[in-house]
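# Inside the fold
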Amino acid sequence: IKKTSSDTFYWQVWKEEKQLHILSGKLGVQGSKELMTPGFFESSNGLMKKLAKEQVNQGYEYVEEDSLTKIAVQYRYNDESQFDAAEEKTLMVEDLLDEALHSTGNGQLYGSEVGDGAGTTFVLVVDLQIAMDTIVKELTKHNVMDGAEIAYQNGEGTYVGLYPEGIQFELV
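Criteria and thresholds
- Residues numbered from 1 in each chain as written.
- Predicted model: local features only at pLDDT ≥ 70, side-chain atom pairs only at ≥ 80, totals over all residues.
- Heavy atoms only, no water.
- Helix = DSSP H or I, 4+ residues; strand = E, 2+ residues; numbered from the N terminus.
- Contact = heavy atoms within 4.5 Å.
- Core = buried A, V, L, I, M, F, W, Y, C linked by side-chain atoms within 4.5 Å.
- Buried < 20%, exposed > 50% of the residue type's maximum accessible area, 1.4 Å probe, protein only.
- Expected span 1.5 Å × (residues − 1).
- Arc of directions from axis to C-beta.
- Polar contact = N/O pair within 3.5 Å; in protein donor to acceptor, adjacent residues only side chain to side chain.
- Pairing = 2+ DSSP bridges.
- Axes fitted to C-alpha atoms, helices over the stretch in contact; angles between N-to-C directions.

Tracing the sequence through the fold places valine 29 in the loop between strand E3 (19-26) and strand E4 (32-36). The sequence separation of valine 29 and phenylalanine 83 amounts to 54 residues, and the corresponding C-alpha distance is 34 Å. Those residues in contact with valine 29 that sit more than four places away from it in its chain are Tyr10, Ser103 and Thr104.

Laid out in structure tokens, this is it:
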């Protein structure tokens, strides 16, 4: 990421087969994508490192995973007959959030679990407020905001409720 006085920008590169995928833009906004294919005698890993070094020279900083904030999006269910529906909803939310956060440079999927009365999706994010805006927008757009409980994990490892407002969040 690269911070200016008013905005934060992101730049990401990853490899799929021999092609490099580059995604860049303003944090929280759909980024622009670019594909690069290394030259005949060029290694894709070498090119990726070279491109990343160029970005560091332009003021970008690496984001370490331990600097990210974990968010939980949880849906409760009352009995085991609702397990399949909870699992389906959790997997759908997992896909929605993974795509929405990745494509806006603000995070990544951490995982999901279903059982013991709840389906929960976990994501890791760069900016909590921007991520909440994205999450609420995506869940609302896909009609899965109803029943959602959202919290973030603070520095002490405790989950703090964000949605609905005033919730005492309990990870099930």
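The biggest cluster of nonpolar side chains holds 17 residues, and the ones touching the most others in it are Ile71, Val73, Leu97, Ile135, Leu139 and Ile150. Among the elements of the structure, strand E5 (69-76), helix H2 (83-103), strand E7 (118-125), helix H3 (128-141) and strand E8 (148-153) are those that each provide at least two residues to this core. Once residues within four sequence positions are removed from consideration, isoleucine 150 is found in contact with Ile71, Ala72, Val73, Met132, Ile135, Leu139, Met145, Val160, Gly161, Leu162, Tyr163 and Phe169. Grouped together as the second largest cluster of nonpolar side chains are nine residues, Trp11, Leu47, Leu51 and Tyr60 included.

For helix H1 (residues 44-57), spanning 14 residues, the distance from its first C-alpha to its last is 20 Å, which sits close to the expected 20 Å at 1.5 Å a residue. For H1, the complete set of buried residues consists of Ser44, Leu47, Met48, Leu51, Ala52 and Gln55. All buried residues of H1 project into a common sector of 135° when viewed along the axis, lining one side. Across H1 from its buried face, at more than 90 degrees, point the exposed residues Lys49, Lys53 and Asn57. Where H1 is buried, its residues meet strand E2 (8-16), E3 and E4. Between the side-chain oxygen of the N-cap and the backbone nitrogen of asparagine 45 there are 3.3 Å, and the N-cap of H1 in question is serine 43. Two residues or fewer after H1 comes glycine 59, characterised by a positive phi angle close to 105°.

Pairing within the open sheet is antiparallel, and its five strands lie in the order E6-E7-E5-E8-E9. Each edge of the open sheet is held by one strand with a lone partner, namely strand E6 (107-115) and strand E9 (159-163). The sheet shows a mean angle of 25° between the axes of neighbouring strands, taken without regard to direction. Pairing between E6 and E7: eight bridges, direction antiparallel. Across the sheet, residue valine 114 finds its bridge partner in E7, namely glycine 119. Those strands touched by H2 are E5, E6 and E7, and its axis lies near 175° from that of E6. Strands in contact with H3 are E5, E7, E8 and E9; relative to E5, the strand with the most contacts, it is inclined by about 30°.

Bear in mind that shape data such as this cannot, by itself, settle questions of function.
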